[in-house]
Amino acid sequence: MTSPIKLLALDGDGIGPEIMVATLAVLDAAAKAFGLKIEIRKMDIGFLALKASGTTMPPGVLEAAKAVDGVVLGPVQHDDYPPTDKGGVNPSGVLRKELDLYANIRPARTRPYVPSPITKTFDLVIVRENTEGFYADRTMFAGTGEFMPTPDLAMAMRKVTREGSRRIAQSAFELAKLRRRKVTAIHKANVLRVSDGLFLAEVRKVAKAFPDVAYDEKIVDAMTALLIRDPAQFDVIVATNMFGDILSDEASELAGSLGMAASLNAGTDNAVAQAQHGSAPDIAGRDIANPVSLIGSMAMLLRWLGERHTSPELLKAADAVEAAIEATLEDPNTRTRDLGGTLGTKAFGAAVCAKLIG
Ligand code: ATP
């Protein structure tokens, strides 16, 4: 690639700034190792921005996000933000809606050296629809999908569209072709006959176009048990927004530390790397957070960019970052505290850099 890749880095709240420092250090090392030209712009969001400019999502951030090739987003503590009229806006929701990041790709797998609450091993990816479903902040053209017609009645609208279902299914099947060639669709069509009926109809249509990918369906409540009882049977799981959110938290918990859970929010023209976990205020500012989640998310972004720009260097850099993470984790001397190690966030980042450059 001749022109530089432009990225926007948004620290977010809690452990965000710390895991971002480690992530950008690894990105810098990967750029050096593979001769990549990467320009990084930093902007403030979250509580820092609220203090400085009265809003958690200052004007200009969205425009900057649209203008760059990709965004690296730290976790945000949006549950604790003030109401919207006092400047509390969820930057993650805004980016997902405004950049139309319809596919939230959430890998989860067990590793021999990470203690898991179950003895079974697995390696799966949850492909979660990211712009529809029950998410009141992003499903409407104007207003919100949650409302109270009377003081004693609260209602939430769930949005499922044919196109939204088709495109998330397409993402899932394309991913499955690169993996173990199996897609499982999650639904509750026995109760939500119309909305999940529409979702399943579209997924089945896409499945027909991928005859070499095995396809099955599971009801969401049964799925929560199956993930514990027999997770190895799953490869790519495709789900509407809230079912995908809940199942991916379960899968990352079963895989061990939340600090390992990477994810990518991808649309047609934009992508945002974002750890699966929240801002972890309980461990913020102590240099003990595990930055693997955000470093791994950044590697997913490099791969997405590599495919988009047909750049072998970016693809190699993505593979190398993931290999460096694994090599660092395999050594008991270079693990963070959540994995029983002693390294701080910054030192772990430096250890990954050393594997990349060394
Ligand atoms: P939020 O309000 O932003 O959702 P939270 O603390 O409620 O934050 P998470 O941030 O998802 O939710 O954290 C859940 C638990 O997992 C916390 O105990 C937290 O310390 C731990 N945790 C989350 N991320 C990491 C990480 N990167 N490294 C180590 N522990 C983590």
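That block above? That's the structure.
It should be emphasised that the depicted structure is a prediction, and the values quoted were computed from it without experimental measurement.

All told, the structure shown has three aromatic pairs when counted by the stated rule. Taken together, a centroid distance of 5.1 Å and an interplanar angle of 90° make the contact between Phe-47 and Tyr-81 edge-to-face. With a gap of 34 residues between them, Phe-47 in helix α2 (residues 46–53) and Tyr-81 in the loop between β3 (70–73) and α4 (91–98) connect regions that are remote in the sequence. A residue is classified by how much of its surface remains accessible, and Phe-47, at 32% relative accessible area, is partly exposed. Residue Tyr-81 is classed as buried on the basis of its relative accessible area of 9%. An aromatic cluster is built from Phe-173, Phe-210 and Tyr-215, whose rings are joined through pairwise contacts. A cation over an aromatic ring shows up here: Arg-128 above the ring of Tyr-135, its NZ or CZ 5.3 Å from the ring centre.

Under the definition given, this model contains 23 salt bridges. For Arg-179, the salt bridge is made with Asp-123, and the minimal N-O distance between the two is 3.3 Å. Residue Arg-179 is located in the loop between α5 (162–177) and β8 (182–187), and its partner Asp-123 is located in strand β5 (residues 123–129); the two are separated by 56 residues in the primary sequence. Through salt bridges with shared partners, a single network forms among Asp-123, Arg-179, Arg-180 and Asp-235.

Another aspect to go through is the site of the ligand. Gly-278, Ser-279, Ala-280, Asp-282 and Asn-290 are the nearest of the 13 residues found near the ligand. Ser-279 is positioned with one of its backbone polar atoms (N or O) 2.7 Å from an oxygen atom of the ligand. In this structure, an oxygen atom belonging to the ligand sits 2.8 Å away from a main-chain N or O atom of Ala-280. Here the residues of the shell around the ligand are counted per class, giving seven nonpolar, five polar and one charged.

Rules used in this analysis
- Along each chain, the written sequence defines residue order, and numbers are assigned to residues from 1.
- Since the coordinates come from a predicted model, pLDDT governs what is reported: local features require at least 70, and pairs of side-chain atoms require 80 or more to be given and counted, while whole-chain, interface and lining totals use all residues.
- Excluding hydrogens and water, the side-chain values take into account all heavy atoms of the structure.
- Aromatic rings from Phe, Tyr and Trp, with only the six-membered ring used for Trp, were paired whenever their centres fell within 6.5 Å, and each pair was classed as stacked if the ring planes differed by under 30 degrees, edge-to-face if by over 60, and tilted otherwise.
- In this text, helices come from DSSP runs of H or I with a minimum length of four residues, and strands from runs of E with a minimum of two, each type numbered from the N-terminal end.
- Only protein chains enter the accessibility calculation, which uses a 1.4 Å probe. A residue is then buried if its area is under 20% of the maximum for its type, exposed if over 50%, and partly exposed in between.
- For a ring to carry a charge above it, either NZ of a lysine or CZ of an arginine must fall within 6 Å of the ring centroid while also lying within 35 degrees of the normal to the ring plane.
- Salt bridge criterion: a side-chain nitrogen from Lys or Arg within 4 Å of a carboxyl oxygen from Asp or Glu.
- Throughout, near means a residue has at least one heavy atom within 4 Å of the molecule or strand.
- Pairs of N or O atoms are called polar contacts if they sit within 3.5 Å, as long as, within protein, a hydrogen donor faces a hydrogen acceptor (for residues adjacent in sequence, only side-chain-to-side-chain pairs).
- Ten residue types, Ala, Val, Leu, Ile, Met, Phe, Trp, Tyr, Cys and Pro, are classed as nonpolar, four, Asp, Glu, Lys and Arg, as charged, and the remainder, Gly among them, as polar.

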